[in-house]
Amino acid sequence: MHFSWLTEKPPAPLATWADHSYFFRPQYYKVTVSERDHVERTSVYFNETIIPENQGLNGSDFMPLNFKSSFAIVTHQAEVKMPSGKVDKPVIQDNRDGTVSVKYDPREEGSHELVVKYNGEPVQGSPFKFHVDSITSGFVTAYGPGLTHGVTGEPANFTISTKGASAGGLTMAVEGPSKATINYHDNKDGTVSVQYLPTAPGEYQVSVRFGDRHIKGSPYFAKITGEGRKRNQISVGSCSEVTMPGDITDDDLRALNASIQAPSGLEEPCFLKRMPTGNIGISFTPRETGEHLVSVKRLGKHINNSPFKVTVCEREVGDAKKVKVSGAGLKEGQTHADNIFSVDTRNAGFGGLSVSIEGPSKAEIQCTDKDDGTLNISYKPTEPGYYIVNLKFADHHVEGSPFTVKVAGEGSNRKREKIQRERDAVPITEIGSQCKLTFKMPGITSFDLAACVTSPSNVTEDAEIQEVEDGLYSVHFVPKELGVHTVSVRYSEMHIPGSPFQFTVGPLRDSGSHLVKAGGSGLERGVVGEAAEFNVWTREAGGGSLAISVEGPSKADIEFKDRKDGSCDVSYKVTEPGEYRVGLKFNDRHIPDSPFKVYISPDAGDAHKLEVQQFPQGNILPDAPYQFMVRKNGAKGELDAKIVAPSGTDDDCFIQAIDSEMVSVRFYPRENGIHAIHVKFNGVHIPDSPFRIKVGKDVADPAAVHASGNGLDEVKTGHKADFIINTCNAGVGTLAVSIDGPSKVAMDCTEVEEGYKVRYTPLLPGEHYITVKYNNMHIVGSPFKINAIGDKLADEGAQETSTVTVETVHKVAKGGQKTGVHLPTFKSDANKVESKGMGLKKAYIGKQNQFTICATDAGNNILYVGMYGPKGPCEELHVKHAGHNNYNVHYVVRDRGQYVLLIKWGEEHVPGSPFQIDV
């Protein structure tokens, strides 16, 4: 597939390779690679109409210049949106060679959009923008792909034509999310070739001025994507430590949290640690000179002598300008080799050093301390191209950062295939309507599936599961409230991949890639030549563009099936074994946990013959041995197995041959939670491997964990924000919190009565994403999108991640009662409750006395009935619900005297309560 720009006067001369690179190659690549596998056609033609100066029409001094554009694209649908908003239909011609040509005569001047569709889906890069002008000779013009789009880390090119223009200065500027180095070359033919290198995705403003005035169309806005870019980062701490007076036990230390306030008012969390002397010290990064206040609190109250005063002198404040860097690794590099540079922070004070490298491959980064106090940093890329190296000290770029490094050498010959599909927003769901959530899980039995739905007021009800077709299931429920519901789907009492799900009833409160979920075996493992399948749920993210890419040793055949309910099936098939990366982007941003690493095993061979027997059932406890049997059924080869704990650590299983057919696999789980047992035969998973097994009684349930607080709303830079993660009734597990944003944040996590409090201080304005995982599974709402406003307190650079991990404990409230049971939000009126019956006025000893309570019109709430007599409570009292909030009450008394009968609907007495009853 190729693009051609044609004039009315063929034949045209063959364009040069430079012309091809500037005008056609970027568009050529964007449209062809994912739509149809055609042989590249590198013959591209270009004609430019030469207009003699001062030779115009009707005696005028200029001649209008009209373009007729021709696009050769694999498609059958195309339309042009004109500047006025009108839509025009171009002419489509079948070239009878697997392509069609789209020809269009512009009718208006200005910016146009060409929408190209293939099988009803927009091709990658669509809509294409182009500008139509009637330009006189003597005017400066600009054209080329770098004015509209590009990819981070790859040069964006455009050309400026100054033919016939009078004398004047030509200036260019590029503004955007990153520093973009601009290079230009005078072609000595009235044109100038311009190249800039964007290092971060986003929208860039490209300005071209001639004689201090913008040329027509300037400023241009180029959309730069991070397509195919991989990032890796490491951080090396260097903090100031101050010892505090007083004795504090280890138990107290866990319950304390600390923060430090600088003279400017900037307040950040800081860390408490046991010093070698036995005292407690605080660890923090000094940002200013002067007197700082350190507040140490227990459950929100200052401990003795808090706040403490700490004085920071000038030599202790981290200064990125004093960091010295050197080495060839910051100028050029080689693939499959360690590219080294050194960093000297000895005279730069205290501060954390962060290194991030972004480029065509995820470069492995190593950091080693040298004897002289400096650091050696090496990185090993696997693909050639431009890499961006960000070096920050104390949250500010060192001099020269970010560095652009050109890496040469052989690549790993990895193939990449990509498809893109538009996702429409689903209709708004209303109260009382039928709601449906579908998922595909081949090879399971529906008997072991169960689903429940928790409403915003925390009422949990079972949901119905139906098998739509073989392997495709749908969860059905009817909501009674507006707001975000939690849908938990479990197989054999364990959450399926993607569960718990967020399901909004009513208008969506948010949208974006962070609300897209994906799950399925195809994101974990696969076999050569067999379809690897997974689900993608985009319902909560609204409308947008979903891009799916598979990169690895061989090209993938990707198939997509839309279920028309905000979810879809994706499958891919590859021909070579090895490690693949499956990338999922929504509106050009990775969804949570993307890209996914997937190992594709060689052809299954005899592995499919093996079967597992006597797999442990029932109550599996940690720190105890268990075993199961594997029957080979005549297969020849080696069996190996390992167990992977919820924390991600793995341990080998003990394998022992019983006879030629039977093998015993013994494992020893050490943690609570869901474990995975990987069983392979000759390096290939046997059927149903990995096997998931639930270990322990109080298994961590991410659906029972909730996060709330001001720190999940809009926050301000330089101001401490916090939120609570409620883990009550969620079992024991590993809580991991990470914050991804424009810079690292100071954060900590401390234990509170209902769970854990996370505190953080953002330093740069912009979007931050807070991920909360419980036993490696997202809680509902995670990741949370937070917008930070305020001043820039650090240098901008690549996205950076801050993480804290906590092993949780059972949460017990004061008095020994478990907390975390949230009462539903009731809407009721106790005044509308009616009570009737003789048992409200008079009672007889030893007999069944009764009365009725009708709360049909009183809304929903909890009924409380209690009776107290001269010597204590009455002998018996029974309350039976007869349906529709009607209750029958029976009681028996043993003593004479006056009794008091209380009837409450929620917290309020019903009319007449308390009743006085004579016995």
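Residues numbered from 1 in each chain as written. Predicted model: local features only at pLDDT ≥ 70, side-chain atom pairs only at ≥ 80, totals over all residues. Heavy atoms only, no water.

### Quick look at the overall build of the chain
Here's step 1: Secondary structure assignment for the chain yields two helices and 80 strands.
Here's step 2: Per-residue burial for the chain yields a buried fraction of 47% across its 919 residues.
Here's step 3: Accessible area of the chain: about 45300 Å², with a carbon and sulfur share of 48%. (Helix = DSSP H or I, 4+ residues; strand = E, 2+ residues; numbered from the N terminus. Buried < 20%, exposed > 50% of the residue type's maximum accessible area, 1.4 Å probe, protein only. Areas by Shrake-Rupley, 256 points an atom, 1.4 Å probe, with all protein chains shown as cover.)

### Re the pattern of salt bridges
Here's step 1: The tally for this structure, following the rule as stated, stands at 21 salt bridges.
Here's step 2: With its nearest N and O atoms 3.4 Å apart, the salt bridge here joins Lys694 to Glu493. Linking Lys694 in strand β61 (residues 691-695) with Glu493 in the loop between β41 (483-491) and β42 (494-495), this pair joins segments that are 201 residues apart in sequence.
Here's step 3: Judged by relative accessible area, which is 29%, Lys694 ranks as partly exposed.
Here's step 4: A salt bridge links Lys785 to Glu767, with the nearest nitrogen and oxygen atoms 4.0 Å apart. (Salt bridge = Lys/Arg side-chain N within 4 Å of Asp/Glu carboxyl O.)

### Some remarks on the environment of Val206
Here's step 1: Tracing the backbone shows Val206 in strand β16 (residues 202-210).
Here's step 2: Assessed through its relative accessible area of 1%, Val206 is described here as buried.
Here's step 3: Measuring from C-alpha to C-alpha, the distance between Val206 and Pro219 comes to 5.4 Å, with 13 residues separating the pair along the chain.
Here's step 4: Ignoring any residue separated from it by four or fewer positions in sequence, one finds Val206 in contact with Gly146, Leu147, Phe158, Ala173, Val174, Tyr196, Ser218, Pro219 and Tyr220. (Contact = heavy atoms within 4.5 Å.)

### Some thoughts on a nonpolar patch on the surface
Here's step 1: A cluster of nonpolar side chains, contributed by Phe826, Ile862 and Tyr864, occupies part of the molecular surface with about 240 Å² of accessible area.
Here's step 2: Within the element layout of this structure, Tyr864 appears in strand β74 (residues 863-869).
Here's step 3: Under the relative-accessibility criterion, Tyr864 is labelled partly exposed at 40%. (Patch = residues over 30% accessible without salt bridge, like charges linked within 9 Å, V, L, I, M, F, W, Y side chains within 5 Å.)

### So, the confidence of the model for the chain
Here's step 1: Averaged over all residues, the pLDDT of the chain is 80; the fraction at 70 or higher stands at 83%.
Here's step 2: Below pLDDT 50 for its whole length, residues 1-75 participates in 140 contacts with residues either more than four positions away or in separate chains.
Here's step 3: The low-confidence segment residues 813-820 (pLDDT under 50) makes 14 contacts with residues lying over four places distant or belonging to another chain. (pLDDT = per-residue confidence, 0-100.)

### Remarks on the pairing of strand β35 (residues 403-408)
Here's step 1: Because side chains alternate across β35, one face comprises the buried residues Phe403, Val405 and Val407, and the other comprises Thr404, Lys406 and Ala408, none of which is buried.
Here's step 2: Note that strand β28 (residues 332-334) and β35 share three bridges and pair parallel. Bridge pairing in β35 links Gly333 to Val407.
Here's step 3: Note that strand β33 (residues 385-393) and β35 share five bridges and pair antiparallel. Within β35, the residue paired with Tyr387 across the bridge is Val405. (Pairing = 2+ DSSP bridges.)

### A word on empty space enclosed by the protein
Here's step 1: Evaluated as defined, the whole model comprises four cavities of 30 Å³ or more.
Here's step 2: Considering only enclosed or pocket space, the second largest cavity measures out at about 70 Å³ in volume.
Here's step 3: Looking at the lining of the second largest cavity, the elements that each hand over two or more residues are β21 (256-261) and β22 (267-274).
Here's step 4: Along the lines of polarity and charge, the residues of the lining of the second largest cavity split into five nonpolar, three polar and three charged. (1 Å grid on protein atoms, 1.4 Å probe; cavity = no way out; pocket = protein on both sides within 12 Å on 5 of 7 lines; lining within 4 Å. Points joined across faces, edges and corners; volume = space filled by probe spheres on them. Nonpolar A, V, L, I, M, F, W, Y, C, P; charged D, E, K, R; others polar.)

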